[in-house]
Amino acid sequence: MFDKIIYIGDTDVDIKLNDSTNFHSDIMNMPIVLQDDTKSILAEIKDLHSDYVKAKMLGELVNGKFIGGILRKPSIDASIRSLTESELTYILGEEKKGNLLLGISPFYNSKQIYVDMNELFSKHIGIIGNTGSGKSCGIARIIQNIFNNPNFIPYRSNFFIFDSSGEYYSAFSKINSINPNYNYRFITTNSNSPYDGELLRIPIWLLSVEDIALLLSATTHTQLSIIEKTLKLVRIFSQSDATAVDYQNYLIANAIMTILYSNQSAASKRDEIFSILNTCSTEAFNLNATVQGIGYSRRLQECFLIDNSDNFSERVLLTEYVNKFIKPELSQYEPEKVHYFTLDDLEKSLNFALISEGWLRNENVYADAITLKVKLHELVIGPNRKFFDCKEFVRLDQFISNLIIKDGKKYQIVNINLEDVDDSFAKSVVKIITRLLFDLSKKIERGSIPFNILLEEAHRYVQRDQDEFLFGYNIFDRVAKEGRKYGVIMSLISQRPVDLSETVISQCSNFIIFKMSHPRDIEYITKMIPNITEDTIEKQKSLQVGNCLVFGTGFKIPLIAKLEFPNPAPQSSSCDVVSKWSNN
């Protein structure tokens, strides 16, 4: 079929055909070897002409290995031949321990494609494609292949799947039929889920300042300061000892004294102090508390009666009573460790934080303070409260351990379904759990417990938002940059890569790309993915459903892979309108 090389460029060669009437269009993408005395160059047919073909040089076959990239070029009189069976394994991989069956190659004689699992799953992955292009089915098939692998038992694997519709339940819920030691766990935000699952629970005491800020939609650094003070107070108050009570009394007393020595009228002072006591009260400080004088007593609210000189009639008694609770040494007190507390405790502590720093009396920060107060109260009384109703105290390591091990079962796949909450709350949950996994991974032996996080509809969560401005970092950006060395690996599954964080997508080492058609998405991927070529982009445009373009550090060269349909399949297919519309 091939006669000789007639042109050699930087990356392409032109090859004259022996008889142009005897070839067929199916030689497109055919792999060939350009062989001379000193080297074997792998090339792939990319263009057909009437009497010659153009081939793209991909790399060199050297001592039983394939080396991608072109440093040396074939000589002009190099022969052209097909790949041998052994040479195909250099490119497509082979079945052995540690390798995963990905699919088959439509262009390499329908040979099976194997990928080194270390190369694929120890680095971030981008899975991109139009809706309906086969992403969900493809991911389900790949994970099923991991557990169906006859040469490997991934008992200690930890896949966390975040999805918004529960579509993966059908694909993985019967995974223990493969091996009774394999288990799937379904955690959901939907109290009425038709699937056998558990309601999501997150211990509120494990949340950081940034986590609370996400839940309350904080937007300013002032609000971060308020949240930081609130978390300090709730940890003090949750100790349930004399120090907690003393600290509450100290804060109220300090706030009252500040108001008493202000320039306001007595009536204004009284109203402001009563407002404090209505939101922050203790046994010693409430409107009905007993204030003992010499030979007589008053209720606290009676100490605020105003005389003719616009002063409190019992100002001396009041001042002496309040002063007893002011202990300046408490201002330096720090709680030793985190204790159990609830959302109600957090709201109470926010009220104390607001009076302790006088934020409600400061016109410049009043709006920020009230916004946080309203947002937290909405969370306390709203439907999302139930996700933080945890009855027992657990540490971070216990919480994560309880997610992957329960009742003697080791769960290899933990599917967290977020279908019954709005995007803002879902995004906060994904960020919080990702942060908790990352924090634990940094505290234990590096890489000793890998966590693979799969984010379905990743563009809902991994966005270019204001986190970096507010917190100095974005958790997804941090995991993208640092997670690999700690064993926290993300797989981003998205139909809109243009909405993804540039930092995160640029840190992906491997890509599985299904058909994309939107010009903006194609342009974005072209700019953001390192070493992607125009030829690679063109190939994905003509992909059939269930076929994908794979490339990156896990693959010798960019390959088209045809993935087997998953069994069982996820519930990601389109609605059957014919059967639903029919009267039959």
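Just so it is clear, the structure is predicted and the values come from calculations on it, not from any experiment.

Trainee: Help me understand the overall build of the chain in this model?
Mentor: The helix and strand inventory of the chain stands at 19 helices and 23 strands. Along the first, second and third principal axes, the C-alpha set of the chain runs to 120 × 55 × 50 Å. Every one of the 584 residues in the chain was classed for burial, and the buried ones make up 52%. Of all intrachain contacts in the chain linking residues separated by at least 6 positions in sequence, the fraction that spans at least 24 positions is 68%. Looking at the chain as shown, the accessible area adds up to about 27500 Å², and 46% of this sits on carbon and sulfur atoms. Charge centroids of the chain, computed over 63 positive and 72 negative side chains, lie 2 Å from each other.

Trainee: Would you mind showing me how to read the nonpolar core here?
Mentor: Counting 127 residues, the largest nonpolar core has Phe285, Phe388 and Leu455 as its most contacted members. If sequence neighbours within four positions are ignored, Phe388 has contacts with Ile202, Ile204, Leu207, Leu215, Leu343, Leu379 and Phe425. Listed in part, the 47 residues of the second largest apolar core include Leu88, Leu102, Phe147 and Ile493.

Trainee: How should I be thinking about the pattern of salt bridges in this particular structure?
Mentor: A complete count under the given rule lists 29 salt bridges for this structure. As a salt-bridge pair, Asp36 and Lys39 come within 3.2 Å of each other at their nearest N and O atoms. A salt bridge links Glu119 to Lys123, with the shortest nitrogen-to-oxygen separation between them at 3.0 Å. For Glu119, a relative accessible area of 27% gives the class partly exposed. What makes Lys123 buried here is its relative accessible area of 18%. One salt-bridge network, in which partners are shared between bridges, spans Asp211, Arg435, Asp439 and Lys442.

Trainee: So what exactly am I meant to see when it comes to helix H8 (residues 266-279) here?
Mentor: Each turn of an α-helix holds 3.6 residues, which means side chains three or four residues apart point in the same direction. Taking 1.5 Å per residue as the helical rise, H8 with its 14 residues ought to reach 20 Å, and the 20 Å between its terminal C-alpha atoms agrees with that figure. Within the sequence span of H8, burial applies to Ala266, Lys269, Glu272, Ile273, Phe274, Ile276 and Leu277. Packing partners of the buried residues in H8 comprise helix H7 (242-260) and helix H10 (343-356).

Trainee: I tried to follow the side chain of Ser262 on my own but got confused; where do I start?
Mentor: Following the sequence through the fold, Ser262 ends up in the loop between H7 and H8. Non-local contacts of Ser262, meaning those with residues more than four positions away in its chain, are made with Lys269 and Arg361.

Trainee: Explain the packing of helix H6 (residues 221-237) against helix H11 (residues 366-381) here, please?
Mentor: Relative orientation and spacing of two packed helices are given, respectively, by the angle between their axes and the distance between those axes. Contact geometry of H6 with H11 gives a least axis separation of 9 Å together with a crossing angle of 55°. On the basis of their axis angle, the class for H6 and H11 is oblique. The way H6 lies across H11 gives a crossing that is right-handed. Here H6 contributes Thr222, Gln223, Ile226 and Ile227 to the contact with H11, which in turn contributes Asp368, Ala369, Thr371 and Leu372. Of the residues assigned to the contact of H6 with H11, the class counts are 4 nonpolar, 3 polar and 1 charged.

Trainee: Even after reading the chapter, I still don't get a nonpolar patch on the surface, so can you show me in this structure?
Mentor: A contiguous nonpolar surface patch, about 220 Å² in accessible area, is contributed by Val338, Tyr340 and Phe393. The exposure class of Phe393 is partly exposed, given its relative accessible area of 36%.

Trainee: Help me understand the pairing of strand S6 (residues 65-68), please; the structure alone is not making it clear to me.
Mentor: For a regular strand, side chains alternate in direction, first toward one face of the sheet and then toward the other. By the bridge criterion, 4 bridges tie strand S5 (residues 52-62) to S6 in an arrangement that is antiparallel. Of the residues in S6, the one forming a bridge with Leu61 is Phe66. What sits between the antiparallel neighbours S5 and S6 is a turn of 2 residues, in which Asn63 has the positive phi angle 50°.

Trainee: Help me out: how do you make sense of the environment of Asn254 in this one?
Mentor: Counting through the fold element by element, Asn254 comes out in helix H7. Residue class for Asn254 comes out partly exposed when judged on its relative accessible area of 30%. Taking the C-alpha atoms as reference points, Asn254 and Met490, separated by 236 residues in sequence, lie 49 Å from one another.

Trainee: Looking at this structure, I do not really get the packing of H10 against H11. What am I missing?
Mentor: Remark: H10 packs on H11, axes separated minimally by 10 Å, with the N-to-C direction vectors making an angle of 165°. Relative to H11, the element H10 lies roughly antiparallel. Between H10 and H11 lies a crossing whose hand is left-handed. The segment H10 lies against H11, with Leu343, Asp344, Leu346, Glu347, Leu350, Asn351 and Leu354 engaging Ala369, Leu372, Lys373, Leu376, His377, Leu379 and Val380. Of the residues contributing to the contact of H10 with H11, the split by class is 9 nonpolar, 2 polar and 3 charged.

Trainee: Sorry if this is basic, but what is going on with the packing of aromatic side chains here?
Mentor: Aromatic ring pairs are reported here in terms of the distance separating the ring centres and the angle at which the planes meet. Taken as a whole and assessed by the stated rule, the structure comprises 25 aromatic pairs. Ring geometry for Phe237 versus Tyr247: centroids 6.5 Å apart, planes at 65°, classification edge-to-face. Taken as a pair, Phe237 in helix H6 and Tyr247 in helix H7 lie far apart in primary sequence, 10 residues in all. Each member of the pair, Phe237 as well as Tyr247, carries the same accessibility label: buried. Taken together, the ring pairs in this structure connect Tyr168, Tyr169, Phe172, Tyr184, Phe186 and Tyr195 into an aromatic cluster. Over the ring of Tyr411 we find Arg185; its NZ or CZ atom is 5.4 Å from the centre of that ring.

Trainee: How do you make sense of unusual backbone geometry when you look at a structure like this?
Mentor: Negative phi is the rule for most residues except glycine; trans is the rule for most peptide bonds. Residue Pro568 is bonded to the preceding Asn567 through a cis peptide linkage, with omega at 0°. You can see Pro568 is positioned in the loop between strand S23 (559-562) and helix H19 (577-581). At Asp407, a residue that is not glycine, the phi angle is positive and equals roughly 50°. As for its placement among the helices and strands, Asp407 is situated in the loop between strand S16 (405-406) and strand S17 (409-410). Its identity is not glycine, yet Glu457 carries a phi of approximately 55°, on the positive side. By secondary structure assignment, the location of Glu457 is in the loop between strand S19 (451-456) and helix H14 (467-471).

Trainee: Sorry if this is basic, but what is going on with the environment of His339 here?
Mentor: Here His339 lies in the loop between helix H9 (315-323) and H10. When near neighbours in sequence (up to four residues on either side) are disregarded, His339 contacts Trp205, Arg235, Ser238, Gln239 and Phe393.

Trainee: Explain helix H13 (residues 423-443) here, please?
Mentor: With 21 residues, H13 should cover 30 Å at 1.5 Å per step; its first-to-last C-alpha distance of 30 Å lies within 8% of that length. Counting buried positions over the 21 residues of H13 gives 17, a clear majority of the element. By the N-cap criterion, in which a side-chain oxygen at the helix start approaches the backbone nitrogen of a residue two or three places on, H13 is capped by Asp422, the distance to Ser424 being 3.2 Å.

Cut-off values and rules
- For every chain, the first residue of the written sequence is number 1, and numbering continues from 1 along that sequence.
- The predicted origin of the model limits local features to residues at a pLDDT of at least 70 and limits the giving and counting of side-chain atom pairs to 80 or more, whereas totals for whole chains, interfaces and linings rest on all residues.
- Side-chain measures were taken over the full set of non-hydrogen atoms in the model, leaving aside hydrogen atoms and water.
- Numbering goes from the N terminus for both helices and strands, where a helix is a DSSP run of H or I of at least four residues and a strand is a run of E of at least two.
- Note on exposure labels: buried denotes an accessible area under 20% of the residue type's maximum, exposed denotes more than 50%, and partly exposed covers the range between, all computed with a 1.4 Å probe on protein chains only.
- Contacts are assigned to residue pairs that have any heavy atoms within 4.5 Å of one another.
- All accessible-area figures derive from a Shrake-Rupley calculation using a 1.4 Å probe, and residue coverage is judged against the displayed protein chains alone.
- The charge count treats Lys and Arg as positive and Asp and Glu as negative. His and the chain ends do not count.
- Where a charge sits is defined by one atom per residue type, namely NZ (Lys), CZ (Arg), CG (Asp) or CD (Glu).
- Residues belong to one nonpolar core when they are buried, are Ala, Val, Leu, Ile, Met, Phe, Trp, Tyr or Cys, and are joined through side-chain atoms within 4.5 Å.
- Every case where a carboxyl oxygen of Asp or Glu lies within 4 Å of a side-chain nitrogen of Lys or Arg is listed as a salt bridge.
- To estimate how far a helix should reach, multiply one less than its number of residues by 1.5 Å.
- To get an axis, a line is fitted to the C-alpha atoms, and for a helix only the part in contact is used. The angle between two axes follows their N-to-C directions and goes from 0 to 180 degrees.
- Orientation is classified from the angle alone, with under 35 degrees giving roughly parallel, over 145 giving roughly antiparallel, 65 to 115 giving roughly perpendicular, and any other angle giving oblique.
- For any pair of crossing helices, the crossing counts as left-handed if the nearer helix is rotated counterclockwise from the farther one by less than a right angle, and right-handed if it is rotated clockwise.
- For this classification, Asp, Glu, Lys and Arg are treated as charged, while Ala, Val, Leu, Ile, Met, Phe, Trp, Tyr, Cys and Pro are nonpolar and the rest, including Gly, are polar.
- Like-charged residues are merged into a patch within 9 Å and nonpolar side chains (Val, Leu, Ile, Met, Phe, Trp, Tyr) within 5 Å, provided each residue has over 30% relative accessible area and no salt bridge.
- Strand pairing is defined by DSSP finding a minimum of two bridges between the two strands.
- Aromatic rings from Phe, Tyr and Trp, taking only the six-membered ring of Trp, are treated as a pair when their centres fall within 6.5 Å; an angle between ring planes under 30 degrees marks them as stacked, one over 60 as edge-to-face, and anything in between as tilted.
- Here, a charge over a ring is recorded when the distance from Lys NZ or Arg CZ to the ring centre is within 6 Å and its angle to the ring normal is within 35 degrees.
- Between N or O atoms, a polar contact is any pair within 3.5 Å; within protein, one atom must be a potential hydrogen donor and the other a potential acceptor, and residues adjacent in sequence are included only when both atoms are from side chains.

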